[in-house]
Amino acid sequence: MIQHTHDTILVVDFGAQYSQLIARRIREQHVYSRIVPYTISLDEIKAIGPKGIIFSGGPASVTAKDAPHPDKRIFALGIPILGICYGLQIISVLNKGAVMRPDRREYGFAHLTHIDPSSELLKGMPDASQVWMSHGDSVVHAPEGFICTASTENCPLAVVENHEKNIYGVQFHPEVVHSTEGYMIISNFVLDICKANTDWNVGSFIESEIERIKSIVGNKKVLCGLSGGVDSSVVAALIHKAIGNQLTCVFVNNGMLRKGEADLVIKIFRDTFKIPLRFADAEQHFLDALKGITDPELKRKTIGKVFIDVFEHEANEVKDVTFLAQGTLYPDVIESISPSGGPSATIKSHHNVGGLPETMNFKLLEPLRELFKDEVRELGKELGLPDEIVYRHPFPGPGLGVRCVGEITKERLDTLREVDAIFIDEIKKAGLYGEIWQALACLLPVKSVGVQGDERTYREVCSLRAVTSEDAMTADWFRFPPEVLQRAASRICNEVAGVNRVLYDITSKPPGTIEWE
């Protein structure tokens, strides 16, 4: 992890689904946060020197024999600690409190009552504030030296505090939006109790990161794979600002780009930003390799392998490249680390993480690996990238290849490109693009009977999909006004020769994924 001078709040992860949210809520206070596994050693914590520590929730029962425990000596460091849900319970059992599984558990909305006016953690919160509960175990006896400062109907010890030791705990989840005043609790802890400096912002990040890039790269060359997405685009703009023409970008046309995408990337980066850009038109190479393949995983692997071949060829043409720049983000880093600190299961394959052959012998340069997606977008605006890049919806590395369900052919890709362009155009015309996390169209491997121009047709079926999300780990389908979908479907059937039926996908994640393949 990069060393810097910003005050840091550590989020100690016990396997919680909300650890990223905790870290983001801290950064919303303009304070740097970092997620670490609960197995972090005392020496590592001392080396980081955090201003505060937050214990996350977790799926385990604190009463189980193999329940995850941090190093107990952490409580003697004198660093303020806040425990959330499981975090409160682990504070309790390690400080002579008691935790049990009650007859009535709490899942969903609850209301804090009897808020103690002396509470440092709940300062400014109104009585009966709504909070979000999700727990089986509950603290039944507060740890030694702690006082109860708030309750809910089913949880008498919903908030406990030890002002002398600066240790606090809440049974609910202040990091989720369902806890309506939860941001106040995070703010009270981070700013008032930990007294962290509010100096984490995009401006300070750009300054420090430019200096870091210069010191690492020196007079050597950097290669950046540019996809046109926000992550790789921001990486390119930031590194170019630091080292100028020592950076060369490679843009590979795999034939699975959106309509007009190649022209847009060339215009912005080669013509506007004046970044050295190699354009590899490898469409036929990819199509030949994908011929006859329908299995989704084999598609991805084939696209990835051909990309490596093309990219390696372009890299060899540049000569004497030392560094490979990647748009790895903090969530990508977090997903590759298990809460236990040991080997973790693969959640998903990130197209920008790894996969290049060792023979290329590049050193990695990942300037965004500390940032969340919303911070990357803010950084892009600060660097002068246009809105059509900065606020672009996520787009998979294999492009339309994973949205062309079934066999990939040029004809089917061209059809899908037109469908996708119409769908996105109608979303933008309706002023809804910014409300949607991701919108996409898929071409399905089925045909249907239709009637167009008083004639029977037998053509392909497309599916439209749009979701809302905060981090893509969960997602819900977007509720369009019916007239928007009607216009999109009408245009698709009238303007795209190969399609006569349009579906709208209302599957949430889980059980589905955002992409079809």
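Our subject is the structure listed above.
The structure contained in this document is the topic of the report that follows. (Residues numbered from 1 in each chain as written. Predicted model: local features only at pLDDT ≥ 70, side-chain atom pairs only at ≥ 80, totals over all residues. Heavy atoms only, no water.)

### A word on the overall build of the protein
When you go through the protein residue by residue, the secondary structure sums to 14 helices and 20 strands. Relative to the globule expectation of 24 Å for 517 residues, the C-alpha radius of gyration of the protein, 26 Å, shows essentially globular dimensions. Its C-alpha atoms give the protein principal-axis dimensions of roughly 75 × 60 × 40 Å. Counting over 517 residues, the protein shows a buried share of 56%. A separation of at least 24 residues holds for 75% of the contacts in the protein among residues at least 6 apart in sequence. Counting every atom, the protein has about 23000 Å² of accessible surface; 50% of that belongs to carbon and sulfur. Of the side chains in the protein, 55 bear a positive and 68 a negative charge, and the two mean positions are spaced by 3 Å. (Helix = DSSP H or I, 4+ residues; strand = E, 2+ residues; numbered from the N terminus. Rg over C-alpha atoms; globule rule 2.2 N^0.38 Å. Buried < 20%, exposed > 50% of the residue type's maximum accessible area, 1.4 Å probe, protein only. Contact = heavy atoms within 4.5 Å. Areas by Shrake-Rupley, 256 points an atom, 1.4 Å probe, with all protein chains shown as cover. Lys, Arg positive; Asp, Glu negative; His and termini not counted. Charge placed at Lys NZ, Arg CZ, Asp CG, Glu CD.)

### Structural notes on helix H6 (residues 230-243)
Look at H6: 20 Å from first C-alpha to last across 14 residues, which is about the 20 Å you get at 1.5 Å a residue. By the criterion of burial, H6 is predominantly enclosed, with 13 of the 14 residues buried. At the C-terminal side of H6, Gly244 shows a positive phi close to 60 degrees. (Expected span 1.5 Å × (residues − 1).)

### What about the pairing of strand S1 (residues 8-13)?
Along S1, six of the six residues are buried, which leaves the element largely enclosed by surrounding structure. Relative to strand S2 (residues 32-37), S1 runs parallel, the two sharing six bridges. Across the sheet, Thr8 pairs through a bridge with Tyr32, a residue of S2. On the question of chirality, the crossover connecting S1 to the parallel S2 by way of helix H1 (residues 19-27) is right-handed. Across four bridges, the pairing between S1 and strand S3 (residues 52-55) is parallel. What sits directly across from Val12, in S3, is Phe55. (Pairing = 2+ DSSP bridges. Right-handed = clockwise from strand over helix to strand, strands pointing away.)

### Structural notes on the sheet that holds strand S10 (residues 159-162)
As summarised here, the arrangement of the seven strands in space is S2-S1-S3-S4-S11-S10-S9, forming an open sheet in which the pairing is mixed. Each end of this open sheet is capped by a strand with a single partner; those strands are S2 and strand S9 (147-150). The average undirected angle you get between the axes of adjacent strands in this sheet is 20 degrees. The sheet contact formed by S3 and strand S4 (residues 81-84) spans three bridges and is parallel. Counterpart to Ile54 in the pairing with S4 is Leu82. Sitting on the sheet, H1 touches S1, S2, S3 and S4, and the angle it makes with S2 is about 160 degrees. (Axes fitted to C-alpha atoms, helices over the stretch in contact; angles between N-to-C directions.)

### Points about the sheet that holds strand S14 (residues 277-281)
Read from one edge of the open sheet, five strands run S14-S13-S12-S15-S16, paired in parallel fashion. Each edge of the sheet is formed by a strand with only one pairing partner; in this case those strands are S14 and strand S16 (363-365). Pairs of neighbouring strands in the sheet enclose a mean axial angle of 30 degrees, with direction left out of account. Two strands pair when backbone bridges link them, and strand S12 (residues 221-225) and strand S15 (residues 321-325) are joined in this way by four bridges, in the parallel orientation.

### Quick notes on helix H4 (residues 182-193)
A rise of 1.5 Å per residue sets the reference length of H4, with its twelve residues, at 16 Å; its end C-alpha atoms lie 16 Å apart and thus fit the reference within 8%. Counting buried residues along H4, nine of its twelve residues qualify, which places the element largely inside the surrounding structure. If you check which residues of H4 are buried, you get Gly182, Met184, Ile185, Ile186, Ser187, Asn188, Phe189, Val190 and Ile193. If you follow the buried residues of H4, they end up packed against S1, H1, S3, S4 and strand S11 (167-170).

### Quick look at the pairing of S2
Burial analysis of S2 places six of its six residues in the buried class, which makes it a mostly covered element. Both faces of S2 are covered, namely the face carrying Tyr32, Arg34 and Val36 and the face carrying Ser33, Ile35 and Pro37.

### Things to note about the nonpolar core
Judged by nonpolar contacts, the single largest core of 45 residues is most densely connected at Ile427 and Phe480. Per element, the largest residue contribution to this core is seven residues, and it comes from helix H13 (residues 410-429). If you look at the next biggest cluster of nonpolar residues, it comprises 44 residues, including Val202, Phe205, Cys224 and Phe269. (Core = buried A, V, L, I, M, F, W, Y, C linked by side-chain atoms within 4.5 Å.)

### A closer look at the state of the cysteines
Within the structure shown, the criterion is met by zero disulfides. The thiol sulfur of Cys155 is not disulfide-bonded, and the nearest other cysteine sulfur, from Cys148, lies at 8.3 Å. By relative accessible area, Cys155 is classed as buried at 0%. In this model Cys442 remains outside any disulfide bridge; the closest cysteine sulfur is found in Cys404, 9.1 Å from its own. (Disulfide = S-S within 2.5 Å.)

### Thoughts on the pattern of salt bridges
Scanning the model with the defined rule gives 27 salt bridges in all. When the shortest N-O distance is used, the salt bridge between Arg491 and Glu426 registers 2.9 Å. Here Glu426 lies in helix H13 and Arg491 lies in helix H14 (residues 482-495), a separation of 65 residues in the sequence. Classification of Glu426 by relative accessible area gives buried; the value is 4%. One network of salt bridges, with partners in common, ties together Asp425, Glu426, Lys429, Arg487, Arg491 and Glu495. (Salt bridge = Lys/Arg side-chain N within 4 Å of Asp/Glu carboxyl O.)

### Structural notes on the packing of H6 against helix H11 (residues 373-382)
Running from N to C, H6 and H11 point in directions that differ by 45 degrees, and their axes come no closer than 10 Å. Taken together, H6 and H11 sit at an angle that is classed as oblique. Between H6 and H11 the crossing geometry is left-handed. Facing Val230, Asp231, Val234 and Leu238 of H6, the residues of H11 in contact are Lys373, Val376, Arg377, Leu379 and Gly380. (Parallel < 35°, antiparallel > 145°, perpendicular 65-115°, else oblique. Left-handed = near helix turned anticlockwise from the far one by under 90°.)

### Some words on the side chain of Thr8
By the element assignment, Thr8 lies in strand S1. Polar side-chain contacts of Thr8 include one of 3.3 Å to the backbone oxygen of His6. Once residues within four sequence positions are removed from consideration, Thr8 is found in contact with Tyr32, Arg34, Ile48, Pro50, Lys51 and Gly52. (Polar contact = N/O pair within 3.5 Å; in protein donor to acceptor, adjacent residues only side chain to side chain.)

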